[in-house]
Amino acid sequence: MRIALYNPDSRAEFWIDGLHAVWPDAEVALWSPGSAPADFAIAWTPPQAFFDEQPGLRAVFNLGAGVDALMRLRIPPQTQVVRLEDAGMAVQMAEYVCHAVLRHFRGLDTYEADARARRWRYHPVVMRSDFPVGVMGLGVLGSRVVQALRGFEFPVNAWSRQPKMVDGVQCFAGGDQLDAFLAASKVLVCLLPLTVDTQNILNHRNLSRLQPGGYVINVARGAHLVDADLLALLDSGHLAGAMLDVFRTEPLPPEHPFWGHAQISITPHMSARTLEAESLAQIIAKLQALLQGQPVDGLVQRERGY
Ligand code: NDP
Ligand code: OXD
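Predicted model, so just to flag it, every value in this text is computed and none were measured.

S.K.: Help me understand the domain arrangement of the protein chain, please; the structure alone is not making it clear to me.
M.R.: Quite often, the size of an interface is put as the accessible area lost when its parts meet. Its domain assignment divides the protein chain into domain 1 (2-87 + 275-291) and domain 2 (89-266). Each of domain 1 and domain 2 has a C-alpha centre, and the two are 33 Å apart. In this assembly, 12 residues from domain 1 lie in contact with 6 residues from domain 2. In total, about 710 Å² of surface goes out of reach between domain 1 and domain 2, with carbon and sulfur atoms giving 56% of it.

Following this line, the structure appears as structure tokens:
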């Protein structure tokens, strides 16, 4: 069995040693143009040549939860695409989103500014009932985030493609219920996969439907958000702020208007980092299942794009 690796950000020897510990006879090697074709691949954002040169690839394991970068490529028709599910990312995402929601809800940025000015004063208390949080995407990460927000007793709405029922959460589904979901929410958390149906979904039309004083948390992909529409709605006062972890161009270019904007907090795509040990263990388990002809979790449905 040959396994090709394409993961420029990670330590190759960690993956090679980890895979050899389970399959000592496997040939595991970093892919570069002209490498011998492999049976399986573990990759994050490979170039098109990676697939063009490996037409017999049986499966590719995406080193992340979102497969949008892979879905933009021509992948051989028989190649199964398998993504990471949770692998330590869900709790990180819950931490990040709860932090963003709580920071805004409790006015902590204002209190920090007061502290810098050595000013001791109180700001009005906001009621939880006036602070409904809407989570777009009720998958592996969205479900964990919803559960964590419920722990803080926020009213929580969720929106998915297929109808769902979650205790204590008002669930909406499909395009028909998008407006009702938005109208019921003040804070909007985007945890959708990036697909043809979801790109630009955080646009002027949809963000205008949030309750006045809305707040946007985008932790999914930069191309969900129409940057100019967010800026316009912040200027108009309809939105109070945003916390953004993902951007159309990453790294965010130095001249981008989001940098330094008083109402926008920025982090460098770190809300849920890929953890090597968890990811290796999950990929080994999934490859074992594949080799034994058993069902594999996290198989991407290529026709729907996630
Ligand atoms: P899942 O595939 O488990 O969940 C996706 C959810 O989105 C599902 O609930 C799905 O609905 C819903 N959805 C998909 N398309 C639509 C649509 N057209 N309309 C309404 N709902 C839709 O993904 P994960 O939770 O694992 O990950 C979500 C995304 O988070 C990833 O794709 C990635 O882009 C991003 N991410 C970001 C990270 C970061 O560090 N910033 C780290 C990891 C992931 P249904 O349940 O009905 O299928
Ligand atoms: C992912 C990511 O999709 O890190 O896993 O963005």
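S.K.: Whenever I open this one, helix α6 (residues 140-151) confuses me. Can you help?
M.R.: Helical geometry note: an α-helix holds 3.6 residues per turn, so side chains three or four residues apart project in the same direction. With 12 residues, α6 should cover 16 Å at 1.5 Å per step; its first-to-last C-alpha distance of 17 Å lies within 8% of that length. Every buried residue belonging to α6 is among L141, G142, V145, V146, A148 and L149, and all of these are buried. When α6 is viewed along its axis, its buried side chains cluster within an angular range of 165° and face the same direction. What points out from α6, more than 90 degrees from its buried face, is the exposed set Q147 and G151. Buried positions along α6 lie against α4 (89-105), β6 (133-136), β7 (156-160) and β8 (169-173). Count one or two residues on from α6 and you reach E153, which has phi positive near 65°.

S.K.: Explain the sheet that holds strand β2 (residues 27-30) to me, please; I cannot follow it from the model alone.
M.R.: Either a parallel or an antiparallel arrangement is found when strands of a sheet pair, and the pairing is made through backbone hydrogen bonds. Ordered by their spatial adjacency, 5 strands build an open sheet running β2-β1-β3-β4-β5, and the pairing between neighbours is parallel. At either margin of the open sheet sits one strand with a lone partner, and together these are β2 and β5 (80-82). Within this sheet the neighbouring strands show an average axis-to-axis angle of 20°, counted without direction. Pairing between strand β4 (residues 59-62) and β5: 3 bridges, direction parallel. Counterpart to F61 in the pairing with β5 is V82. Packing of helix α10 (residues 276-291) onto the sheet brings it into contact with β1 (2-6), β3 (40-43), β4 and β5, and relative to β4 it is tilted by some 160°.

Calculation criteria
- Residues numbered from 1 in each chain as written.
- Chains lettered and ligands numbered in written order.
- Predicted model: local features only at pLDDT ≥ 70, side-chain atom pairs only at ≥ 80, totals over all residues.
- Heavy atoms only, no water.
- Domains from an automatic or database assignment.
- Contact = heavy atoms within 4.5 Å.
- Buried area = accessible area lost by both parts, 1.4 Å probe.
- Helix = DSSP H or I, 4+ residues; strand = E, 2+ residues; numbered from the N terminus.
- Expected span 1.5 Å × (residues − 1).
- Buried < 20%, exposed > 50% of the residue type's maximum accessible area, 1.4 Å probe, protein only.
- Arc of directions from axis to C-beta.
- Pairing = 2+ DSSP bridges.
- Axes fitted to C-alpha atoms, helices over the stretch in contact; angles between N-to-C directions.

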